[in-house]
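The lines below spell out each chain.
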Amino acid sequence: MCHALCAVARGFAAATLEALARGGELALSTEQRARMDDLMIELDTRTVDILGNA
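Residues numbered from 1 in each chain as written. Predicted model: local features only at pLDDT ≥ 70, side-chain atom pairs only at ≥ 80, totals over all residues. Heavy atoms only, no water.

Undergrad: Would you mind showing me how to read the packing of helix 1 (residues 2–22) against helix 2 (residues 30–43) here?
TA: Two measures define how a pair of helices packs: the angle their axes make with one another and the distance between the axes. Interhelical geometry of helix 1 versus helix 2 gives an angle of 165° and a closest axis separation of 8 Å. If you check the angle between helix 1 and helix 2, you find them roughly antiparallel. As for how helix 1 packs across helix 2, the hand of that crossing is left-handed. Two secondary-structure elements touch here, helix 1 through Arg10, Ala13, Ala14, Leu17, Glu18, Leu20, Ala21 and Arg22 and helix 2 through Arg33, Met36, Asp37, Leu39, Met40, Glu42 and Leu43. (Axes fitted to C-alpha atoms, helices over the stretch in contact; angles between N-to-C directions. Helix = DSSP H or I, 4+ residues; strand = E, 2+ residues; numbered from the N terminus. Parallel < 35°, antiparallel > 145°, perpendicular 65-115°, else oblique. Left-handed = near helix turned anticlockwise from the far one by under 90°. Contact = heavy atoms within 4.5 Å.)

The structure is reproduced here in structure tokens:
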């Protein structure tokens, strides 16, 4: 179970950042969104690609 969670944890973190960055609740500036994008890419590029194409 631990190995399975470790395998998906970075993707979950990237997806969470994506949801926060795109939502209006935080009212992020363009620069802040760019920084969030960088963090998402560092966490899991594949998840960011999938969410970007959704």
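Undergrad: Honestly, the nonpolar core in this entry has me stumped. Any pointers?
TA: A general trend in soluble globular proteins is that nonpolar side chains are found buried together. Counting seven residues, the largest nonpolar core consists of Ala14, Leu17, Ala21, Leu28, Met36, Met40 and Val48. Among the elements of the structure, helix 1 and helix 2 are those that each provide at least two residues to this core. No other element matches the three residues that helix 1 contributes to this core. When residues no more than four places from it in sequence are discounted, the contact partners of Ala14 are Met40, Leu43, Asp44, Thr47 and Val48. (Core = buried A, V, L, I, M, F, W, Y, C linked by side-chain atoms within 4.5 Å. Buried < 20%, exposed > 50% of the residue type's maximum accessible area, 1.4 Å probe, protein only.)

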